[in-house]
Amino acid sequence: MRQVGLIAGAAALALVATGAITYAVAGDEGSSDAVPAAESADAGFARDMAVHHQQAVEMSYVVRDRTDDEEVRRLAYDIAQTQANQRGMLLGWLDLWELPKVSADPPMTWMGMGDTASGKDGALMPGMATNTEMERLGSLSGERAEVFYLQLMTDHHKGGVHMAQACVRACEVGVEKRLARGMVEGQESEIALMAGMLEERGAAARP
């Protein structure tokens, strides 16, 4: 439980730091020539990660209604709040850049992986839960819901880390690269935390 609190505290500090510079991003140093193009990695990451985060928020609120376990409920709340705030930043940047929030290209095209984003059964990007898995999560309760949520969120975080790492390499807007780097660090910490929580429940992440 203390681990969850420590991670939540770190996430809150990261959000405060990031929020303080959110509205400077249109031109990173105040210059309009830093505004990215619609097909850039910066815009692609903002669009795709906003969608990716939205599902994590949904999953987290579902499990909070399916269990009384305080540790899982606290983790789910922290993930929902962190990712909802980050999603707001990403969509806000697209507004500031006057770029569309949707693209005709498949997800992850900006990182050269458009052919892997099939959208089969609602899973638009690697790591995302399918519609069937979301329905199953909503049908479970107690420890079974906890385990399935932790497994789904571990997969989700792994997919998110992969995308964020690609932004760290390819994005050009400084504050967005820093946000992506923070996502990598935060979600890798939560993956480790969730591995321990699964082990306590006699389970493990999915292969």
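Residues numbered from 1 in each chain as written. Predicted model: local features only at pLDDT ≥ 70, side-chain atom pairs only at ≥ 80, totals over all residues. Heavy atoms only, no water.

1. Focus on the overall build of the chain
Looking only at helices and strands, the chain has six helices and zero strands in total. Across the chain, helices and strands are ordered from the amino to the carboxyl terminus as α-α-α-α-α-α. The contacts of the chain with a sequence gap of at least 6 include a subset with a gap of at least 24, amounting to 75%. On the chain, roughly 9900 Å² of surface is accessible, and the fraction owed to carbon and sulfur atoms is 52%. (Helix = DSSP H or I, 4+ residues; strand = E, 2+ residues; numbered from the N terminus. Contact = heavy atoms within 4.5 Å. Areas by Shrake-Rupley, 256 points an atom, 1.4 Å probe, with all protein chains shown as cover.)

2. Observations regarding the confidence of the model for the chain
Per-chain confidence: the chain averages 88 in pLDDT, with 84% of residues scoring 70 or above. Across residues 1-33 the pLDDT falls below 50, and counting only partners more than four positions away or on other chains, this stretch makes 42 contacts in the model. (pLDDT = per-residue confidence, 0-100.)

3. What about the state of the cysteines?
Counted by the stated rule, this structure contains one disulfide. Here C167 engages in a disulfide with C171; their sulfurs sit 2.3 Å apart. On the S-S bond that ties C167 to C171, the torsion sits near -120°, and the link is left-handed. Both residues of the pair, C167 and C171, belong to the buried class. (Disulfide = S-S within 2.5 Å. Buried < 20%, exposed > 50% of the residue type's maximum accessible area, 1.4 Å probe, protein only.)

4. Focus on the pattern of salt bridges
Across all of its chains, the model carries seven salt bridges by this definition. Across the salt bridge formed by E133 and R206, the nearest N and O atoms sit 3.0 Å from each other. Pair noted here: E133 is in helix α4 (residues 131-139) and R206 is in the segment after α6 (174-200), with a separation of 73 residues, a long-range link. You can call E133 buried: its relative accessible area is 18%. (Salt bridge = Lys/Arg side-chain N within 4 Å of Asp/Glu carboxyl O.)

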